[in-house]
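What follows is each chain in one-letter form.
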Amino acid sequence: MQQRQPISAQSDLFAAQTAPRELPSDIRQRLLPLIEALLREAAKKVREADHEDHA
């Protein structure tokens, strides 16, 4: 019986990775408040879920 070929190749977890590139400062300045808001919302959801588990 023939084995199917994978549709997409998974990258090697141990392969050398390229260094992350810097974002332009104007883009970084626009993204920072959005990322902070997302993190605050996620932390709030975690606290709410934790509170419900102990109720």
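In short, a report on the structure. Every chain is numbered on its own, with residues counted from 1 as its sequence reads. Per-residue local features of the predicted model are confined to residues with pLDDT of at least 70, and side-chain atom pairs are confined, for both listing and counting, to 80 or more; whole-chain, interface and lining totals are unaffected and use all residues. With hydrogens and water stripped out, all remaining heavy atoms of the structure feed into the side-chain values.

A helix here means a DSSP run of H or I that spans at least four residues, while a strand means a run of E at least two residues long, and both kinds are numbered starting from the N terminus. A count of helical and extended segments in the chain gives 1 helix and 0 strands. The method behind every accessible area is Shrake-Rupley, applied with a 1.4 Å probe, and residues are considered shielded solely by the protein chains displayed. As displayed, the chain offers around 6300 Å² of accessible surface, 57% of which is attributable to carbon and sulfur atoms.

Note on definitions: salt bridges are taken to be side-chain nitrogens of Lys or Arg within 4 Å of carboxyl oxygens of Asp or Glu. Across all of its chains, the model carries 2 salt bridges by this definition. With a shortest N-O distance of 3.3 Å, Arg 28 and Glu 22 are connected by a salt bridge. Summary of the burial criterion: residues with accessible area below 20% of their type's maximum are buried, those above 50% are exposed, and those between are partly exposed, where the area comes from a 1.4 Å probe applied to protein chains only. On the accessibility criterion, Glu 22 (69% relative accessible area) is exposed. Between Lys 45 and Glu 41 there is a salt bridge, with the nearest N and O atoms lying 3.7 Å from each other. With Lys 45 and Glu 41 both in helix H1 (residues 25-53), this residue pair falls 4 residues apart, about one helical turn.

A word on a nonpolar patch on the surface. By definition, no residue in a patch forms a salt bridge, and every one has over 30% relative accessible area; like charges are joined within 9 Å, nonpolar side chains (Val, Leu, Ile, Met, Phe, Trp, Tyr) within 5 Å. Residues Leu 23, Leu 31, Leu 34, Ile 35 and Leu 39 make up a contiguous nonpolar surface patch of about 460 Å² in total accessible area. Within the fold, Leu 23 resides in the segment before H1.

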